[in-house]
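As a plain string of letters, each chain reads:
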Amino acid sequence: MQLMDSLRNQFSFIKGNYAVLVGSWVLIDFAMEVPATYYALYVLELGATETIVGMIALFSFLALASMQFPGGYLADKFGRKWLISSMTFGVALSYIFYAVAPSWHLILIGAVLMSLFNSTYQPALMAMIADSLPAERRGMGFSIIMLITSASTTPGPIVAGILYNQFGMVQGMRIGYGIVVALFLVAAFLRLLRLKETVVNTEKPSLNELFHSYPIAMKESFGVWRKVPRSMLYLFLSLAIMTFGIATVHLYFVVYAVEELLIDKTVWSLILTALPITMIALSIPIGKIVDKVNRKLPILAAYIIFGVSMWLFVYGNLPRLFISLILVGAGQIMMNSAFSALQADLIPKEQRGKVNGFTNFANFILMAIGSAAGGILYEHVSPQLPFLLTIALVVPSFVLTLIMVHEPEKREE
């Protein structure tokens, strides 16, 4: 009985908007992980090259970046709910292009549309999560998001492997993207009907304002750095460096494993489950560490873990690949939980949308350049080079965080 009371007390914050967002995120993450297992191979099957795969990502990330400023500005001015719910419907419908694409060209169109809708509501989404969590539970809150969404994604690669074995690469992926469309629509309706606005005294939402507000939004998003602690700027810069490094390799894990390390496609779908399983196992312990001990140390540890995991992957065999994916999962849960909690601690509530918009904009630009650079390096120089570059970028990210980032004496509400 005492144990149950303790558990209820620890997890009492899982309610309201937070519960709705987590529930819808479960559906979305499971859906997206099914086709993500073989995404790059699917695009190659539709006539692309490794460089084209990188260029599709380039345009996708540029589209993601393009709406971050108005997305963050509008999230603070008009509220979070209308952006989150309406744009989730847009993302759902854009995935139809992936499902019916006769060649990679339609994938490009779908990627740009999906990114435009997605980028418009991402600042509002992260701001609503921060709004809905008490300061003393932020580490746990963001870790639980990782835990629950990781649990939902665990079957994704297995489902992808089954679809591949039953229907082949192209037809299996089309079915996978059909699953994405269906579950995104369910999540969109759930958000529309169950979310409650967290920003009071907002103006009436206007899509027309989305375009007219761009210059103001950009000015305010750049100017917001004068209103937040200097540590937030250095925290952003350290993550941005690492983001560029990860972008050069993220599309080529499956290609490198299958074509360079000669891992069977079905075996790849099975060992890929090591990543979400690791995140499930570590989410609660790491969340508690972030809340009770420190926000900064898990970020530093994550940088080291990412570097080791890339080395194991690039010089891998089957056991090393398995260990590498476990380390990636551990690093990801550390980074996401600690970074999100520390960011919320440092930023006042009324500035969170704009800061999220700016940081997302910059990171997506870096991911766009990194994805294109990774494809060119992979195809025309060496398949190993993008991975080695990522390892090298761990050093400046680690040093910048260690020396320049400090936790606040009093956490923002």
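Below, the structure is looked at part by part. Just so we're clear, the structure is a prediction, and the values are computed from it rather than from any experiment.

1. Regarding the environment of Arg137
Then, in step 1: Along the chain, the position of Arg137 falls in the loop between helix H7 (104-132) and helix H8 (138-153).
Then, in step 2: In this structure, the C-alpha to C-alpha distance between Arg137 and Gly287, residues 150 residues apart in sequence, is 8.7 Å.

2. Comments concerning helix H9 (residues 155-194)
Then, in step 1: Helix length check: H9, at 40 residues, gives a terminal C-alpha distance of 27 Å against a target of 58 Å (1.5 Å per residue), a shortfall beyond 12%.
Then, in step 2: Where H9 bends most, the angle comes to about 120 degrees, and this point is Gly168.

3. Quick word on the environment of Leu282
Then, in step 1: Position of Leu282 relative to the elements: it lies in helix H15 (residues 274-292).
Then, in step 2: Judged by its relative accessible area of 28%, Leu282 falls in the partly exposed class.
Then, in step 3: Along the primary structure Leu282 and Ile333 are separated by 51 residues, whereas in three dimensions their C-alpha atoms are 7.4 Å apart.
Then, in step 4: In this view, Leu282 contacts Ala330 and Ile333; residues no more than four positions away in its chain are not counted.

4. Looking at the packing of aromatic side chains
Then, in step 1: Taken as a whole, this structure holds 20 aromatic pairs when the rule is applied.
Then, in step 2: Each ring, one from Phe253 and one from Phe313, has its centre 4.8 Å from the other, and the planes form 90 degrees; the classification is edge-to-face. Linking Phe253 in helix H13 (residues 253-260) with Phe313 in helix H16 (residues 296-314), this pair joins segments that are 60 residues apart in sequence.
Then, in step 3: Among the residues examined, Phe313 registers a relative accessible area of 0% and is labelled buried.
Then, in step 4: Look at Phe313 and Phe387: their rings are 5.5 Å apart centre to centre, the planes differ by 20 degrees, and that puts the pair in the stacked class. Here Phe313 is found in helix H16, whereas its partner Phe387 is found in helix H19 (residues 385-404), with 74 residues between them in sequence. There is no split in this pair, since Phe313 and Phe387 are both buried.
Then, in step 5: Counting every residue linked through ring pairs, the aromatic cluster contains Tyr252, Phe253, Tyr256, Trp268, Phe313, Tyr378 and Phe387.

5. Remarks on the environment of Asn360
Then, in step 1: Residue placement: Asn360 occurs in helix H18 (residues 352-380).
Then, in step 2: The exposure class of Asn360 is buried, given its relative accessible area of 17%.
Then, in step 3: Along the chain, Asn360 and Phe69 lie 291 residues apart, while their C-alpha atoms are 8.8 Å from each other.
Then, in step 4: Excluding residues within four positions of it along the chain, Asn360 makes contact with Gln68, Gln122 and Pro123.

6. A short note on the packing of helix H12 (residues 230-249) against H18
How two helices sit against one another is set out by the angle between their axes and by the gap between those axes.
Then, in step 1: The geometry of H12 relative to H18 is characterised by a closest axis approach of 7 Å and an angle of 25 degrees between their N-to-C directions. Judged by the inter-axis angle, H12 sits roughly parallel to H18. Once H12 is placed against H18, the crossing between them reads as right-handed. Between H12, through Met232, Phe236, Ala240, Thr243, Phe244, Ala247 and Thr248, and H18, the contact on the second element is made entirely by Val355, Phe358, Thr359, Ala362, Asn363, Leu366, Met367, Ile369, Gly370, Ser371 and Gly374.

7. Notes on empty space enclosed by the protein
Then, in step 1: The full count for this structure, using the stated rule, is two cavities of 30 Å³ or more.
Then, in step 2: What the second largest cavity holds in volume is close to 50 Å³.
Then, in step 3: Broken down by element, the lining of the second largest cavity gets its largest block of residues, seven residues, from H9.

Scoring rules and cut-offs
- Once a new chain begins, its residue numbering starts again from 1 and follows that chain's sequence as written.
- Totals for whole chains, interfaces and linings use every residue, but because this is a predicted model, local features are given only for residues with pLDDT of at least 70 and side-chain atom pairs only at 80 or more, for both listing and counting.
- Think of the side-chain values as coming from all heavy atoms in the structure, minus any hydrogens and water.
- Counting from the N terminus, the helices are DSSP H or I runs at least four residues long and the strands are E runs at least two residues long.
- By this rule the span expected of a helix is its residue count minus one, scaled by 1.5 Å.
- The reported bend at a residue is simply the angle between two axes, fitted to the 7 residues ending at it and to the 7 residues beginning with it.
- Throughout this description, buried means an accessible area under 20% of the type-specific maximum (1.4 Å probe, protein chains only), exposed means over 50%, and partly exposed covers the range between.
- In what follows, residue pairs with any heavy atoms lying within 4.5 Å of each other are defined as contacts.
- A pair of aromatic rings is counted whenever rings of Phe, Tyr or Trp (Trp by its six-membered ring) have centres within 6.5 Å, and the orientation is called stacked for planes under 30 degrees apart, edge-to-face for over 60 and tilted otherwise.
- The axes used here are C-alpha line fits, helices contributing only the stretch in contact, and every angle between their N-to-C directions lies in the interval 0 to 180 degrees.
- Geometric relationships in this document are graded by angle, where less than 35 degrees denotes roughly parallel, more than 145 denotes roughly antiparallel, 65 to 115 denotes roughly perpendicular, and other angles denote oblique.
- Here is the rule for handedness: rotate from the far helix to the near one, and if that takes an anticlockwise turn smaller than a right angle the crossing is left-handed, while a clockwise turn gives right-handed.
- Buriedness of a pocket was judged along seven lines, with at least five required to meet protein on both sides within 12 Å; pockets are open sets of points on a 1 Å grid over the protein atoms alone, cavities are sets where a 1.4 Å probe fits but cannot get out, and lining residues have an atom within 4 Å of a point.
- Grid points are joined across faces, edges and corners, and a volume is the space filled by probe spheres set on the points.

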